[in-house]
Protein chains: 2
Amino acid sequence: MTVQDPILRPSGRRAVLIDGKAAAEGLDQAARAGALELTQTLGRPPCLAVVLAGEDPASQVYVRNKVRRTESAGMISVEHRLPASVSQDELLALIGRLNIDPVVDGILVQLPLPAGLDAQTVVQAIDPAKDVDGLTAASAGALVLGAPGLRPCTPAGCVYLARQALGDLTGRHVVVIGRSILVGKPAALLFLDADCTVSLAHSRTRDLPALARQADILIAAAGRPGMVKADWIRPGATVIDVGINRVARPDGSSALTGDADYEAALDIADFITPVPGGVGPMTIAMLLINTVRACARRAGLAIPASVAGTGAG
Amino acid sequence: MTVQDPILRPSGRRAVLIDGKAAAEGLDQAARAGALELTQTLGRPPCLAVVLAGEDPASQVYVRNKVRRTESAGMISVEHRLPASVSQDELLALIGRLNIDPVVDGILVQLPLPAGLDAQTVVQAIDPAKDVDGLTAASAGALVLGAPGLRPCTPAGCVYLARQALGDLTGRHVVVIGRSILVGKPAALLFLDADCTVSLAHSRTRDLPALARQADILIAAAGRPGMVKADWIRPGATVIDVGINRVARPDGSSALTGDADYEAALDIADFITPVPGGVGPMTIAMLLINTVRACARRAGLAIPASVAGTGAG
């Protein structure tokens, strides 16, 4: 792996950028190859069902992107749009129908759900074999036990990008800032599976800067813009920034920014993911990979070779 | 909490011993009070089914102890002894019957199983509502997600002993040595739930002594006798030693020893668990607590107050 690799590019300063957009395109291609192989074997393409309740504009953009990329990877995407007034029982009934639908391989419920609906109840109703977001208790348990299962997309994307930059991760010290069930905890478990030493830090951690400075790989997943300062980063470290924060500019416009002080980090880290264009694009890429994996497993087939090495589970 | 507390006692040197035997007796009493309360409400005591396959002498001792302590806590213990020649299908059929038996609240399969039987398949067949060892994927997933569930007994015992010695654990740095699915990983997640900063180290960790020296609470769970040397321990730290290793003495007899160099650690740590008599007795105590919890949950009752505060999940 060198700077010439398509997913790494010089930043013009010390750190080399890990290009999540290019990495995601590579994964999309791997998913497409896997989907083609399964289509030929099964006589039908893998199929992802996307459930969107309500009219949240950001959710609509996300769902549109997921549908577009699923279809351009040669898979079927079925969108289920429900009004914000949908009842929990109606939503659960839909999940139940998708669970038993033989041609649905993956089920994704776009979060957040409208007020009055309990996301945990809805997500936990998904058949673990179709849990392409990796958010059910069964998927989390399989991750702890090292058993086969579908891994959460964003954390799997973090491990993938770290591997692209550094190769084998054995023995590296990963410090994860943030202990959410969507990112922090599963990221810690996935890096542990990659034979890393893992420290999990959070708002109650004492002397967080000192702990962060020990990291060979620093995962910033606290959702606090610019929280990780220059002196939190060990010279030569790899910074994977999971934060996507919208902050106001002085001129009244807004910009996306990560959890790290990016400009300062460029002078200290060896590798860093930009925001946007770092971890962000990996989430949908891993969703496509998971859909291919779920389709193969449900059919009792081997995971297609193009997808097997992508580290999603 | 002072040195006068029944579960702490002076060692005659610097470290104060955390008396796991006394702590376990206290938990057994809490389980007994909870079992009595449930017996009065339900008209029957909580019931633990213990499955023992084969003739392993150590397993027979463990099972005898579990049965004895279950019964002296006022609960019913039903022992299922099977020959070493039992088939996997017969064992799974027994688990299936116990799963649907309405008066069985907890199911424990004594490990290791005889050759030819797959422990993971058998354990994963247990109804998560009756998984008093906390070893199913569903229980592990609930632990990750912070959802209600039954927590693994030995790790829950470690947290309990650390709380007895130190009180509130918020912000303490816990270093767990060993990443097994029985102890290391669930211990890390349980200490995280207690608002600790958690580092998980293992055989691939670089400079393990330096990481261990950062620990406010050091969990030694690698299964390597005397691995944790004096200079791995920060002065004033709490050492929780999960190792139970049988080592040969010069005179040909054998002794139980932990993963820490106990004599040396006494001069450095503030609190330490002896081996035997530290973590060991906690495992069965937490099993009894879990059986009471499982019984209450299955009946749709509140967890008895005597048991609710014991930190098992």
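Throughout this document, residue positions are counted from 1 along each chain, in the order its sequence is written. The lettering of chains begins at A and the numbering of ligands begins at 1, in the order of writing. Where totals are concerned, whole chains, interfaces and linings use all residues; where local detail is concerned, this predicted model gives features only for residues with pLDDT of at least 70, and gives and counts side-chain atom pairs only at 80 or more. Note: side-chain values were computed over all heavy atoms of the structure, leaving out hydrogens and water.

Caption draft 1: View of the interface of chain A and chain B. In what follows, residue pairs with any heavy atoms lying within 4.5 Å of each other are defined as contacts. Listed as interface residues are 35 residues of chain A and, on the opposing side, 35 residues of chain B. At the boundary of chain A with chain B, total buried surface from both sides reaches about 2,700 Å², with 56% on carbon and sulfur atoms. When two parts are put together, the accessible area they lose, computed with a 1.4 Å probe and summed over both, is reported as buried area. When the area that chain A buries against chain B is broken down by residue, the three leading residues are Val144, Leu145 and Leu192 of chain A, summing to 22%. Only one rule defines a salt bridge in this text: a Lys or Arg side-chain nitrogen within 4 Å of an Asp or Glu carboxyl oxygen. Here chain A is connected to chain B by six salt bridges. With its nearest N and O atoms 3.8 Å apart, the salt bridge here joins Asp195 of chain A to Arg204 of chain B. Pairs of N or O atoms are called polar contacts if they sit within 3.5 Å, as long as, within protein, a hydrogen donor faces a hydrogen acceptor (for residues adjacent in sequence, only side-chain-to-side-chain pairs). Linking chain A to chain B there are 16 residue pairs in polar contact (both at pLDDT 80 or more). Helix and strand assignments come from DSSP, with helices taken as H or I runs of at least 4 residues and strands as E runs of at least 2, each series counted from the N terminus. For the side of chain A that touches chain B, the elements supplying multiple residues, two or more each, are helix H4 (119–124), helix H5 (137–145), helix H7 (184–193) and strand E7 (197–201) of chain A.

Caption draft 2: Examining the confidence of the model for chain A more closely. pLDDT measures the predictor's confidence residue by residue and takes values from 0 up to 100. Of all residues in chain A, 97% have pLDDT values of 70 or greater, and the mean over the chain is 94. Scored as a whole, the predicted complex attains pTM 0.95, and scored at its interfaces, ipTM 0.94.

Caption draft 3: Here's a closer look at the pattern of salt bridges. Following the criterion strictly, the structure yields 20 salt bridges over all chains and no others. The shortest N-O distance in the salt bridge between Arg69 of chain B and Asp28 of chain B comes to 2.9 Å. Taken together, the positions of Arg69 of chain B in helix H2 (residues 57–72) and Asp28 of chain B in helix H1 (residues 20–42) put the pair 41 residues apart, joining distant regions of the chain. You'll find Arg69 of chain B and Asp28 of chain B in the same group, each marked buried. Connected through shared salt-bridge partners, Arg44, Asp105 and Arg298 of chain A make up one network. Relative accessibility thresholds used throughout: buried, under 20% of the residue-type maximum; exposed, over 50%; partly exposed, between the two (1.4 Å probe, protein chains only).

Caption draft 4: Looking closely at the nonpolar core. One finds Leu169, Phe191 and Ile240 of chain A together with Leu169, Phe191 and Ile240 of chain B to be the most contacted residues of the largest nonpolar core, which totals 134 residues. Those residues in contact with Leu169 of chain A, other than ones at most four positions away along the chain, are Val159, Ala162, Arg163, Phe191, Ala194, Asp195, Cys196 and Ile217 of chain A. For this analysis, a nonpolar core means a set of buried residues of the types Ala, Val, Leu, Ile, Met, Phe, Trp, Tyr and Cys, connected via side-chain atoms within 4.5 Å.

Caption draft 5: Summary view of the domain arrangement of chain A. Domain segmentation is taken from an automatic or database assignment of domains. Partitioning chain A into domains gives domain 1 (43–127) and domain 2 (152–280). Inter-centroid distance (C-alpha atoms) of domain 1 of chain A to domain 2 of chain A is 29 Å.

Caption draft 6: Broad picture of the relation of the copies chain A and chain B. Mapping chain A onto chain B is achieved by rotating through 180 degrees and translating by 0.0 Å along the same axis, at an RMSD of 0.0 Å. This pairing of chains is accounted for by a two-fold axis. The share of interface residues of chain A whose copies in chain B are also at the interface is 100%, consistent with both copies meeting through the same surface. In this comparison the copies share one frame, found by least squares on the C-alpha atoms of residues holding pLDDT of at least 70 in both.

Caption draft 7: Highlighting the environment of Val78 of chain B. Residues and elements named next belong to chain B. Of note, Val78 is situated in strand E4 (residues 76–82). In the structure, Val78 is positioned 46 residues away from Arg32 in sequence and 17 Å away in space, judged by C-alpha atoms. In contact with Val78, other than residues within four places in its own chain, are Cys47, Leu48, Ala49 and Val50.

Caption draft 8: Here's a closer look at the UniProt feature "binding site: NADP(+)" (unreviewed entry) in chain A. Residue and element names in this part refer to chain A. UniProt positions are given in the numbering used here, feature names are shortened, and annotations may be inferred rather than shown by experiment. Per the UniProt entry, the sites bearing "binding site: NADP(+)" (unreviewed entry) are Gly178, Arg179, Ser180 and Ile244 in this numbering. Within the secondary structure, Gly178 is located in the loop between strand E6 (173–177) and H7. Every residue in contact with Gly178, bar those within four places of it in the chain, is listed here: Gly184, Leu200, Ala201, His202 and Ala221. Within the secondary structure, Ser180 is located in the loop between E6 and H7. In this structure Ser180 touches Lys185 and Pro186, once residues within four positions along its chain are discounted.

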